[in-house]
Number of protein chains: 4
Amino acid sequence: MAHDDPRLLICDLARAFYDLGWVSGTGGGICIRDGDRVVIAPSAVQKERMRPEQLFTLALDGSLLTRPDDPSLRPSECTSLFLKAINLRGAGAVIHTHSLHAVMATLLFEAEFSVSHLEMIKGIEGMGYRDRLVVPIIDNTARECDLAEALEEAILAYPKTHAVLVSRHGVYVWGRDWVSAKTHAECYDYLFRAAVEMRRAGIATTMEGGVDDASVPTGRADARGRG
Amino acid sequence: MAHDDPRLLICDLARAFYDLGWVSGTGGGICIRDGDRVVIAPSAVQKERMRPEQLFTLALDGSLLTRPDDPSLRPSECTSLFLKAINLRGAGAVIHTHSLHAVMATLLFEAEFSVSHLEMIKGIEGMGYRDRLVVPIIDNTARECDLAEALEEAILAYPKTHAVLVSRHGVYVWGRDWVSAKTHAECYDYLFRAAVEMRRAGIATTMEGGVDDASVPTGRADARGRG
Amino acid sequence: MAHDDPRLLICDLARAFYDLGWVSGTGGGICIRDGDRVVIAPSAVQKERMRPEQLFTLALDGSLLTRPDDPSLRPSECTSLFLKAINLRGAGAVIHTHSLHAVMATLLFEAEFSVSHLEMIKGIEGMGYRDRLVVPIIDNTARECDLAEALEEAILAYPKTHAVLVSRHGVYVWGRDWVSAKTHAECYDYLFRAAVEMRRAGIATTMEGGVDDASVPTGRADARGRG
Amino acid sequence: MAHDDPRLLICDLARAFYDLGWVSGTGGGICIRDGDRVVIAPSAVQKERMRPEQLFTLALDGSLLTRPDDPSLRPSECTSLFLKAINLRGAGAVIHTHSLHAVMATLLFEAEFSVSHLEMIKGIEGMGYRDRLVVPIIDNTARECDLAEALEEAILAYPKTHAVLVSRHGVYVWGRDWVSAKTHAECYDYLFRAAVEMRRAGIATTMEGGVDDASVPTGRADARGRG
């Protein structure tokens, strides 16, 4: 198996994401596109102990190409959601985390998460330091596959986003390849955490004083808006 | 010694739990059932440096089957508590942590910890996203073995729980096998931490506005109850 | 060099303490007594990259027995403080950390840090769950060696303590051997962090409502005092 | 390649900084001076996976001496900023982090970050425990290279500083060699975090009651100013 085989990469990244607290309790997931195939993790396994022979390979329409020998394994519950980002946005990899920073962001913001004037915004493709980075927040559903429709709507309604937050659940993040998806996941997570800490300290998360900043005392927000 | 020998697994998991801050200061413990035997860690040793030859093996009634050569070692103080979960619930593994998230949860909630509408609730066997996850909180005692009676009462009174919190002390978590117990431990710990952060931000931890949410400002709780 | 050689242990522990955030920026220190000799780390080196050949050996009166070949190395600035715990308390190892939890504890408590009714108190030799654990806090000085007199006074005034906090600086912790000193260091650090989080949440850190709890709203403290 | 080759050191340090959360999302950077050459990381690569053959070598005037074979790599965007610290201060290494503690410090302080009476201040060359440690904060710009002029002004205006904070972005830290730069980076980061936690707890970060402490209740600040 080659050093950059998607199956090795997925297992390696999953271990790293576990250490970041993103995929504990068998939660979260990851897939990497390999030409016209998608390599995807199984559902409900310990992500930090995953092995290459436990992975599935799908076609872009979701049909099964190869499966692991272990008959108890099923493809990740995120499969239909991952395929949305791949087919609607040309994503080369999609990462799903249960990061508590993402969940807290969905609790502290209403329909949209937004920040501006933070350097890490530049880590998101197409965004500059002074841009208002917006991430749509969709409602959670009892079953993960039932999120697919709302995720598609959010992807279409927010053509510049590379992530969709799911309320009280986590976040889906993608990029043109696995490096871009991982970079995006790290930058978004940093920004979710920064926004939570800024709100706690009474600091506005955007400069424009938009609707998402309604709960921040006006004077304080102005006083700090100098970066 | 086989790769999946419970003695190796216990030492491996103990190291991982140390890194999570769950078993520092020689605290906490773990046991794994192996057929009609229970492999259990010794008391008061550094959990992250534990070796397979330091473990004990007990019968299901608690009688000693094998013991380490080192005469200074005693079985974990948690033994009688571990056996409650094994014999009353058919647990295949039990984990005891001193996680500060668990301790803070016992300080911020009264007789019961409860959350609803958080995705990680689905990581607990038998629970769905919208279910109200309840974990009983029992009072701590001066000696760990004196907790056994209250733990048994809580297990019988809460037939759906896979965990019991001990006030100002930590949590006991179990599952049908070691993978399930570890998954439960990670999900409960995430939920304890989430609830502590939600309370700090003035966000209700359940949607029903039950007695455990009395300290949360009503308007705020309603406004946020939308996930 | 044997597996349990104090020089190897010191380097191994220093790396672990670095990962805990206790000895960053070359701060902190550790010594282990080996019969009538004391093995001690050098001053101002990166603790996580320390090597056995960089260590010093002292007699119990502080006189130098062996020194590293590198002429630029000096014995730890903590030396006179370490020897106080060894000679006044029979300590077999002493650990000095700059843990931010310890520093915050010195800022939130006045002359004494105190907690009661937390399970981790039992990790300190001679203490029970319901005991009031008290750690004296001494004022910091411009030079570390100038702390020695105040440290000796605190050790004599608090015969049951295994630690002395230094205001805005950190903590000195000891035990009868290196395992006991490390266990104590982990338990104290956990308790410092717990107390800081409890104060933040408005929860009293002791049950007796002593002078150190004056800043906690009385009603809240009573309501929570049930563990 | 020798054990202390700057190219190996840069990759090793970058991995460690990633684990500290300082260079996630390909952010941040590091350079080490080697005689009259400067070894520098490439722009926009995953810092924790960087390899020695991906590094650039520059002359002190910024002209390119050697470059990696991979034609897609460009020198770090921090290059002109790194050279300011090298040429104006004789720095032997410069570290740039996006640490959230640094960013929060720029949001909670106005033009200058300042602390006094914290032991870790002694980790900064030339500073004592009771000194007022001041770090200038410059405004961020849309492009990193546009920071160079403001950085130079701050370096000249604050002759004692070994760091410059960039508002809503991060920090540049240097030292006479890589060990000193790393020690400084760890001490500054600790102090940024300490100051954020002290502000959150209503504790003044300096004893003098200067302009940067205007938002701290006076009585509380006095009561705590005893270290």
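Here, the structure is the one placed above.
Residues numbered from 1 in each chain as written. Chains lettered and ligands numbered in written order. Predicted model: local features only at pLDDT ≥ 70, side-chain atom pairs only at ≥ 80, totals over all residues. Heavy atoms only, no water.

(A) Molecular detail of the relation of the copies chain A and chain D. The transformation that overlays chain A on chain D combines an axial shift of 0.0 Å with a rotation of 90°, and the residual RMSD is 0.0 Å. Look at the turn and shift together and you get a four-fold axis relating the two. Across chain A, the smallest distance between a C-alpha and the rotation axis is recorded for Arg200(A), namely 6.4 Å. Looking at chain A, a mere 3% of its interface residues are interface residues in chain D too, so the copies touch through different faces. (Least-squares fit on C-alpha atoms with pLDDT ≥ 70 in both. Contact = heavy atoms within 4.5 Å.)

(B) Structural context of the interface of chain B and chain C. Facing 29 residues of chain B, the contacting portion of chain C comprises 32 residues. In this assembly, chain B packs against chain C so that about 2600 Å² is buried in total across both faces, 47% of it on carbon and sulfur atoms. Between the two partners, chain B and chain C, sit 3 salt bridges. Counting across the chain B and chain C interface gives 11 residue pairs in polar contact (both at pLDDT 80 or more). Among the elements that line the side of chain B that touches chain C, the one with the most residues is helix 3 (residues 100–108) of chain B, at 7 residues. (Buried area = accessible area lost by both parts, 1.4 Å probe. Salt bridge = Lys/Arg side-chain N within 4 Å of Asp/Glu carboxyl O. Polar contact = N/O pair within 3.5 Å; in protein donor to acceptor, adjacent residues only side chain to side chain. Helix = DSSP H or I, 4+ residues; strand = E, 2+ residues; numbered from the N terminus.)

(C) A look at a negative patch on the surface. A cluster of like negative charges, contributed by Asp19(A), Asp19(B), Asp19(C) and Asp19(D), occupies part of the molecular surface. Within the element layout of this structure, Asp19(A) appears in helix 1 (residues 6–19). (Patch = residues over 30% accessible without salt bridge, like charges linked within 9 Å, V, L, I, M, F, W, Y side chains within 5 Å. Areas by Shrake-Rupley, 256 points an atom, 1.4 Å probe, with all protein chains shown as cover. Lys, Arg positive; Asp, Glu negative; His and termini not counted. Charge placed at Lys NZ, Arg CZ, Asp CG, Glu CD.)

(D) Main features of the packing of helix 5 (residues 178–200) of chain A against helix 3 (residues 100–108) of chain D. One way to put it is that helix 5 of chain A packs onto helix 3 of chain D with a least axis distance of 11 Å and a crossing angle of 35°. Crossing of helix 5 of chain A over helix 3 of chain D shows right-handed handedness. Taking contact as the criterion, the partners of Tyr190(A), Arg193(A), Ala194(A), Glu197(A) and Met198(A) in helix 5 of chain A are, on helix 3 of chain D, Leu100(D), His101(D), Val103(D), Met104(D) and Leu107(D). Across the contact of helix 5 of chain A with helix 3 of chain D, the residue classes break down as 7 nonpolar, 1 polar and 2 charged. (Axes fitted to C-alpha atoms, helices over the stretch in contact; angles between N-to-C directions. Left-handed = near helix turned anticlockwise from the far one by under 90°. Nonpolar A, V, L, I, M, F, W, Y, C, P; charged D, E, K, R; others polar.)

(E) Region of interest: the environment of Ile10(B). All names here are of chain B. Tracing the backbone shows Ile10 in helix 1 (residues 6–19). Along the backbone, Ile10 and Gly175 are 165 residues apart, and their C-alpha atoms lie at a distance of 15 Å. Not counting the four nearest positions on each side in its chain, Ile10 is found in contact with Ile30, Cys31, Ile32, Val39, Ile40, Met50 and Leu55.

(F) A look at the pattern of salt bridges. Evaluated as defined, the whole model comprises 50 salt bridges over all chains. The partner of Lys182(B) in a salt bridge is Glu48(A), and the shortest N-O contact between them spans 2.4 Å. You can see Lys182(B) sitting in helix 5 (residues 178–200) and its partner Glu48(A) sitting in the loop between strand 2 (37–40) and strand 3 (56–59), one on each of two chains. For the pair Lys182(B) and Glu48(A), a shared accessibility class is recorded, and that class is buried. The partner of Glu152(B) in a salt bridge is Lys84(B), with the nearest N and O atoms 2.5 Å apart. (Buried < 20%, exposed > 50% of the residue type's maximum accessible area, 1.4 Å probe, protein only.)

(G) Expanded view of the sheet that holds strand 6 (residues 112–115) of chain A. Residue and element names in this part refer to chain A. Across the sheet, which stays open at both edges, the 9 strands sit in the order 4-3-2-1-5-9-8-7-6 with mixed pairing between neighbours. The two strands at the open ends of the sheet, each matched to only one other strand, are strand 4 (64–66) and strand 6. Taking the axes of each pair of neighbouring strands and ignoring which way they run, one obtains an average angle of 25° across the sheet. Alignment of strand 7 (residues 133–138) against strand 8 (residues 163–166), held across 2 bridges, turns out to be parallel. Considered in strand 8, the bridge of Ile137 is made with Leu165. With respect to the sheet, helix 1 is in contact with strand 1 (29–34), strand 2 and strand 5 (93–97), its orientation differing from that of strand 1 by roughly 155°. (Pairing = 2+ DSSP bridges.)

Nothing here speaks to function; it is all geometry.
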